[in-house]
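Now for the letters of each chain:
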Amino acid sequence: MTTSALPAPLSSLGAPSMPHLVSTANALVAGDKGLLAIDESIPTCNRRFARLGIAQTEQNRRAYRELIVTTPRLADSISGVILCDETIRQHTTDGDPFATVLMNAGIAPGIKVDRGTQPMAGHSGERVTEGLDGLRERLTQYVALGARFAKWRAVFTIGETLPSRGCVQANAHALARYAALCQEAGLVPVVEPEILMTGEHTVTRCGAVTEDVLREVFSQLHTQGVALEGTLLKANMVLPGSACPIQPTVETVAEATISCLRRVVPAAVAGIVFLSGGQSGDLATTRLNAINAADRQPLPWPVGFSFGRAIQQPALTIWGGQDTNADGAQSAIRHRAQNNQDARRGEYARTTVLAPT
Ligand code: 13P
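Note that the coordinates shown come from a computational prediction; the quantities given were computed from them, not determined experimentally. (Residues numbered from 1 in each chain as written. Predicted model: local features only at pLDDT ≥ 70, side-chain atom pairs only at ≥ 80, totals over all residues. Heavy atoms only, no water.)

Remarks on the site of the ligand
Consideration 1: Around the ligand sit 13 residues in total, of which K151, K234, S276, G277 and R309 are the nearest.
Consideration 2: With respect to the ligand, the side chain of K151 contributes an N or O atom lying 2.5 Å from an oxygen atom.
Consideration 3: Measuring from an oxygen atom of the ligand, one finds a side-chain N or O atom of S276 at 2.4 Å.
Consideration 4: The protein chains hide 92% of the 300 Å² of surface that the ligand would expose on its own. (Near = heavy atom within 4 Å. Polar contact = N/O pair within 3.5 Å; in protein donor to acceptor, adjacent residues only side chain to side chain. Areas by Shrake-Rupley, 256 points an atom, 1.4 Å probe, with all protein chains shown as cover.)

Here is the structure:
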């Protein structure tokens with residue numbers, strides 16, 4: 001039985017310990033709440049602003065993140081918020097650090113600690129995630145800034161002969177080394193190997209690649225001595241490529257996702273949270289709902305969400321860079337978060353998404 005109470009921060013307890021990590025991991029996925037990812041890097045955030053004609057300034061990125069972290073009653077449906085390096089150092093207009101605002105609301109602050117992806121040498125079309133150098137020191141800083149958990153994302157492209165063994169092994173190894181460093185620092189690692197939706201591949205192929213990548217990731221986590229009880233897996237749903245002519249039903253996606261995860265994710269893992277990966281908000285929620293609603297053997301782990309775009313998208317459009325739209329944007333954030341909370345219980349009714357308040 002998992003408890004939803006977030007344990008006290010390490011600063012008040014002393015040295016990191018495994019029971020502390022495990023209770024933090026359990027609290028992040030307890031009940032029907034989920035994670036909200038607002039950790040887009042500066043270039044990614046700027047690209048999304050540019051599409052909507054919002055000026056790409058530090059002040060606008062700060063204002064946008066402030067409206068999100070100060071959303072009234074966000075903690076009713078969100079257990080943790082993932083920040084990026086710039087955001088965890090920013091403050092509200094009242095001068096409070098964002099991490100403090102979240103903690104005071106009962107939400108765990110998290111931090112994206114990878115330094116993005118680079119083209120992989122000798123592996124055309126593939127990328128490797130960087131950021132291990134100096135990571136131990138950066139993690140100590142993030143703990144001091146209030147972080148309770150950390151995320152690292154690796155990406156895998158599906159092609160005729162991709163992903164290659166070299167790409168899968170290099171990224172899985174980096175994920176495991178990052179996870180070990182997180183646990184040493186007292187941060188719960190959120191291990192994110194993302195199979196990208198780009199391409200024409202079928203849902204069956206995505207299932208085979210996801211299974212293969214996860215096998216390698218769990219093998220590397222084992223080799224590096226990572227405790228699965230204090231780890232969350234951030235996974236992609238098993239989906240066809242966005243250019244695949246055959247788009248399966250929501251139930252087919254749910255079944256393919258669950259059967260893949262059952263085969264490869266050890267029961268000891270504290271929880272699985274899905275990324276949205278470019279699905280529309282409504283579709284991501286409907287599929288999460290089907291995963292949790294299906295009438296089948298109970299799952300060995302809590303299955304929740306760690307959505308970025310699928311929660312933020314309507315809010316960003318409504319805000320549009322204008323302070324006067326902040327209330328409307330906050331309502332949209334709360335609404336999408338609540339939809340996903342309903343989906344965790346398998347009680348999301350699709351029509352409810354049409355009426356944000
Ligand atoms: P999306 O839900 O927008 O895919 O973002 C989740 C995330 O954190 C990707 O690393």
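Quick word on the pattern of salt bridges
Consideration 1: Across all of its chains, the model carries 17 salt bridges by this definition.
Consideration 2: Between E192 and K151 there is a salt bridge, with the nearest N and O atoms lying 3.4 Å from each other. Taken together, the residues E192 in strand β7 (residues 188-195) and K151 in strand β6 (residues 149-156) connect sequence positions 41 residues apart. Comparing E192 with K151 shows no difference in burial state: the two are buried.
Consideration 3: Note that E347 and R345 form a salt bridge whose closest N and O atoms lie 2.9 Å from each other.
Consideration 4: On the accessibility criterion, E347 (51% relative accessible area) is exposed.
Consideration 5: Note on R345: relative accessible area 37%, which makes it partly exposed. (Salt bridge = Lys/Arg side-chain N within 4 Å of Asp/Glu carboxyl O. Helix = DSSP H or I, 4+ residues; strand = E, 2+ residues; numbered from the N terminus. Buried < 20%, exposed > 50% of the residue type's maximum accessible area, 1.4 Å probe, protein only.)

Brief notes about unusual backbone geometry
For residues besides glycine, phi is generally negative; the peptide bonds are generally trans as well.
Consideration 1: Residues L162 and P163 are joined by a peptide bond in cis, for which omega reads 0°.
Consideration 2: Structurally, P163 can be placed in the loop between β6 and α7 (165-185).
Consideration 3: Non-glycine residue R73 carries a positive phi angle of around 60°.
Consideration 4: Within the element layout of this structure, R73 appears in the loop between α3 (58-69) and β2 (78-83).

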